[in-house]
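Topology and contacts: notes
Listed below are the residues making up each chain.
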Amino acid sequence: MKRLLPVTIVVLCLSSPAWAALTVYSHVGDWDLFSGTGTQGRQTCGIGHTDPANGRAFSLRYIHGTEGLSFVADKPTWNIPAGTTIRVVMQIGLNTPWSEQGTGHGQRVEWTMQPSSVQAFDTQFRQAQSMTVTFPSGNEPPWTISLHGSMAASNAMGRCVTAMMQSA
């Protein structure tokens, strides 16, 4: 039951109309692996972490036909006006924080990391024990996300992206 709750929450978070065809296909450490057809009918590979205590979900996604790595932070109690600009800061372990500009709508904040930064981000993501995500312009407390299993999750996402590119 304890292991099924995070998967159930991720499936629910991914089941909004924009992400209706994404399917969780495996679980490694504290991360769920998912793939399928995302927004605008684009093939997507991703990994996500859901906090079972409060339903907050964080995911990394590669969307075919786009550049960079997409990130999504979902929280069931948010009600963000569409198009709201939100600064997001991610700090992996004790590394220098990554500051990104996100866009909020409803229960979600989304942002994209430029392709030139993805490899350095992935290296940190694979090596640290945790990541802290903050939203400095609002009143949301920091999110501490376990990176247990992040190396295996990143490897699986890489295999998914490779398979997607080969079949495209």
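Look above for the structure.
A brief structural summary. Keep in mind it's a predicted model, so treat the numbers as computed, not measured.

Some words on the environment of Gly 36
Of note, Gly 36 is situated in strand β2 (residues 31-37). Given the relative accessible area of 15%, Gly 36 is considered buried. With 13 residues separating them along the chain, Gly 36 and Thr 23 place their C-alpha atoms 6.1 Å apart. If we skip the residues at most four places from it in the chain, Gly 36 touches Ala 21, Leu 22, Arg 42, Gln 43 and Thr 44.

Comments concerning the nonpolar core
Ranked by size, the top nonpolar core spans 35 residues in total, and within it Phe 58, Met 90, Phe 121 and Met 131 carry the most contacts. Looking at this core, the element that brings in the most residues is helix α3 (residues 150-167), giving six residues. When neighbours within four sequence positions are excluded, Met 131 is seen to be in contact with Phe 58, Met 90, Gln 91, Ile 92, Phe 121, Phe 125, Trp 143, Thr 144, Ile 145 and Leu 147.

A closer look at the packing of aromatic side chains
In this structure the tally under the stated criterion is 10 aromatic pairs. Between the aromatic rings of Phe 135 and Trp 143, the centroid separation amounts to 5.5 Å while the plane-to-plane angle is 65 degrees, which identifies the pairing as edge-to-face. Among the aromatic residues, ring-to-ring pairing joins Trp 31, Phe 58, Phe 71, Trp 98, Trp 111, Phe 121 and Phe 125 into one connected group.

Concerning the pairing of strand β6 (residues 80-92)
Where β6 and strand β7 (residues 98-106) come together, eight bridges link them in antiparallel fashion. Counterpart to Thr 85 in the pairing with β7 is Thr 103. Between β6 and β7, which follow one another and run antiparallel, lie five residues, and Gly 93 among them has a positive phi close to 55 degrees. By the bridge criterion, four bridges tie β6 to strand β9 (residues 130-134) in an arrangement that is antiparallel. Bridged to Gln 91 within β9 is Thr 132.

As for the layout of surface pockets
Within this model, the largest pocket holds a volume of roughly 280 Å³. Tyr 62, Leu 69, Val 118, Met 157 and Val 161 are, among the 14 residues lining the largest pocket, the residues nearest its centre. At the level of elements, β4 (57-63), α2 (115-127) and α3 are the ones that each hand at least two residues to the lining of the largest pocket. When residues of the lining of the largest pocket are assigned to their parent elements, the largest contribution, five residues, is made by α2. In terms of residue class, the lining of the largest pocket is made up of 10 nonpolar, three polar and one charged.

Comments concerning the state of the cysteines
This structure, assessed with the given rule, holds one disulfide. In this model, Cys 45 is linked to Cys 160 through a disulfide, with the two sulfur atoms separated by 2.0 Å. Note on the Cys 45 and Cys 160 pair: the S-S dihedral is about -80 degrees, so by sign convention the disulfide is left-handed. Residue Cys 45 is located in strand β3 (residues 43-50), and its partner Cys 160 is located in helix α3; the two are separated by 115 residues in the primary sequence. In terms of burial, Cys 45 and Cys 160 fall into one category: buried.

Here is what the cut-offs are and how they apply
Residues numbered from 1 in each chain as written. Predicted model: local features only at pLDDT ≥ 70, side-chain atom pairs only at ≥ 80, totals over all residues. Heavy atoms only, no water. Helix = DSSP H or I, 4+ residues; strand = E, 2+ residues; numbered from the N terminus. Buried < 20%, exposed > 50% of the residue type's maximum accessible area, 1.4 Å probe, protein only. Contact = heavy atoms within 4.5 Å. Core = buried A, V, L, I, M, F, W, Y, C linked by side-chain atoms within 4.5 Å. Phe/Tyr/Trp six-rings, centres within 6.5 Å; stacked < 30°, edge-to-face > 60°. Pairing = 2+ DSSP bridges. 1 Å grid on protein atoms, 1.4 Å probe; cavity = no way out; pocket = protein on both sides within 12 Å on 5 of 7 lines; lining within 4 Å. Points joined across faces, edges and corners; volume = space filled by probe spheres on them. Nonpolar A, V, L, I, M, F, W, Y, C, P; charged D, E, K, R; others polar. Disulfide = S-S within 2.5 Å.

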